[in-house]
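One letter stands for each residue in the lines below.
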Amino acid sequence: MSDDQTFRIIIIAAMLAVFPIGLYHRIRSQASREKLDRRHEGLFILLTLRPVAAIGAIGGLAYLIDPAWMLWSSLPLPLSVRWIGIVIGMGAGSLLIWTMRSIGLNLTDTVVTRKVHALVVHGPYRYVRHPLYVAAFLTVVAFSLAAANWFVLVMGLAAFSLLVLRVRTEEAFLIARFGDDYRAYMARTNRFWPLDFARGRPSRHDSR
């Protein structure tokens, strides 16, 4: 069995383990059938984010179907680096599951909140304000390293960059919804990187 086939099988197995859990939480969060207005994201994000993510996903899917289809964008990475990608992927999957369990029915795929929406500050939200985005970033890096593919990396990082641009709008809606509670939460957390780790010491956030 070739190296590509080995990593392909591992990636597929990991996705089969995590995808049903993510799908369950996604379906559960939409039980109210409330329609969310994505136009609040802004025209630029509406026209770019999902198409870019879809193109990257198509590239990843093509690799999983047959790695030979993506040889044109392969990278000459050593096996050790590709295995590091698998380890990162395990962390990304764990973070994704933890985040979805923590956010529960508040899960959305846009910047607006639901009519019944709680400010979540427990679980991974104790440490960063957007752990779903962190999990997405780690997933892109993990897949790209394991598959040794620059196209998936470029498209994934482009989609993540658009998410970063969208964050300001998202946080503006959260401030409008939760006011000083969210401002206080912002003061004690970073968007994507634990504040205390950024300062070089262990995190000591409260357990709320």
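Procedures and definitions
Along each chain, residues carry numbers from 1 onward, in the same order as the chain's sequence is written. The model is predicted, so local features are restricted to residues of pLDDT at least 70 and side-chain atom pairs to those at 80 or more, both for listing and for counting; the totals for chains, interfaces and linings are taken over all residues. For side-chain calculations, the full set of non-hydrogen atoms in the structure is used, while hydrogens and water are omitted. Where helices and strands are cited, they refer to DSSP runs of H or I of at least four residues and of E of at least two residues respectively, numbered from the N terminus. We compute the radius of gyration from the C-alpha atoms alone; for a globule the expected value is 2.2 Å times N to the 0.38, where N is the number of residues. For the exposure calls, accessible area comes from a 1.4 Å probe over protein chains only, and a residue counts as buried if that area is under 20% of its type's maximum, exposed if over 50%, partly exposed in between. By the convention used here, residues are in contact when the closest approach between their heavy atoms is within 4.5 Å. Accessible surface is estimated by sampling points in the Shrake-Rupley manner with a 1.4 Å probe; for residues, cover comes only from the protein chains shown. Just so you know, the count uses Lys and Arg for positive and Asp and Glu for negative, and it drops His and the chain ends. Every charge is mapped onto a representative atom, which is NZ of Lys, CZ of Arg, CG of Asp or CD of Glu. Salt bridges are defined by distance alone: a side-chain nitrogen of Lys or Arg within 4 Å of a carboxyl oxygen of Asp or Glu. Each patch is assembled from residues with relative accessible area greater than 30% and no salt bridge, linking like charges that lie within 9 Å and nonpolar side chains (Val, Leu, Ile, Met, Phe, Trp, Tyr) that lie within 5 Å. Cavity means a closed set of points on a 1 Å grid over the protein atoms alone, one where a 1.4 Å probe fits but cannot get out, pocket means an open set with protein on both sides within 12 Å along at least 5 of 7 lines, and lining means a residue has an atom within 4 Å of a point. Grid points are joined across faces, edges and corners, and a volume is the space filled by probe spheres set on the points. Residue polarity is assigned by list, with Asp, Glu, Lys and Arg as charged and Ala, Val, Leu, Ile, Met, Phe, Trp, Tyr, Cys and Pro as nonpolar; anything else, Gly included, falls into the polar class.

Q: Requested: an account of the overall build of the chain, with residues and values cited.
A: Tallying secondary structure elements over the chain gives seven helices and zero strands in all. The linear arrangement of helices and strands in the chain, starting from the amino end, is α-α-α-α-α-α-α. Against the globule reference of 17 Å for 208 residues, the chain gives a C-alpha radius of gyration of 18 Å, in line with a compact fold. Counting only C-alpha atoms and orienting by the principal axes, one finds that the chain spans roughly 55 × 40 × 30 Å. For the chain, buried positions account for 40% of its 208 residues. Across the chain, contacts joining residues at least 24 apart in sequence account for 78% of those joining residues at least 6 apart. About 11800 Å² of surface is accessible on the chain, with carbon and sulfur atoms providing 67% of the total. Here the chain contributes 24 positive and 13 negative side-chain charges, whose respective centroids are spaced 5 Å apart.

Q: Hey, could you go over the pattern of salt bridges for me, with residue numbers and the actual values?
A: As enumerated under the stated definition, the model contains eight salt bridges in all. Two residues, Arg50 and Glu41, come together in a salt bridge whose shortest N-O distance is 2.8 Å. Across the salt bridge formed by Arg166 and Glu41, the nearest N and O atoms sit 3.0 Å from each other. Taken together, the residues span a long stretch of sequence, with Arg166 in helix H5 (residues 150-178) and Glu41 in the loop between helix H1 (3-29) and helix H2 (43-65) at a distance of 125 residues. Judged by its relative accessible area of 5%, Glu41 falls in the buried class. Salt bridges sharing common partners tie together Glu41, Arg50 and Arg166.

Q: Tell me about a nonpolar patch on the surface, and please be specific about residues and values.
A: A surface patch of nonpolar side chains, about 390 Å² in accessible area, is lined by Trp72, Leu75, Trp150 and Val154. Residue placement: Leu75 occurs in the loop between H2 and helix H3 (79-103).

Q: Report on the layout of surface pockets, specifying residues and quantitative values.
A: Of the volumes computed, that of the second largest pocket is approximately 240 Å³. Along the wall of the second largest pocket there are 14 residues; nearest its centre are Leu95, Val134, Phe192, Trp193 and Pro194. Among the elements that line the lining of the second largest pocket, the one with the most residues is helix H4 (residues 131-147), at five residues. When its residues are assigned to classes, the lining of the second largest pocket shows 14 nonpolar, no polar and no charged.

Everything listed is a geometric property; what it means functionally is a separate question.
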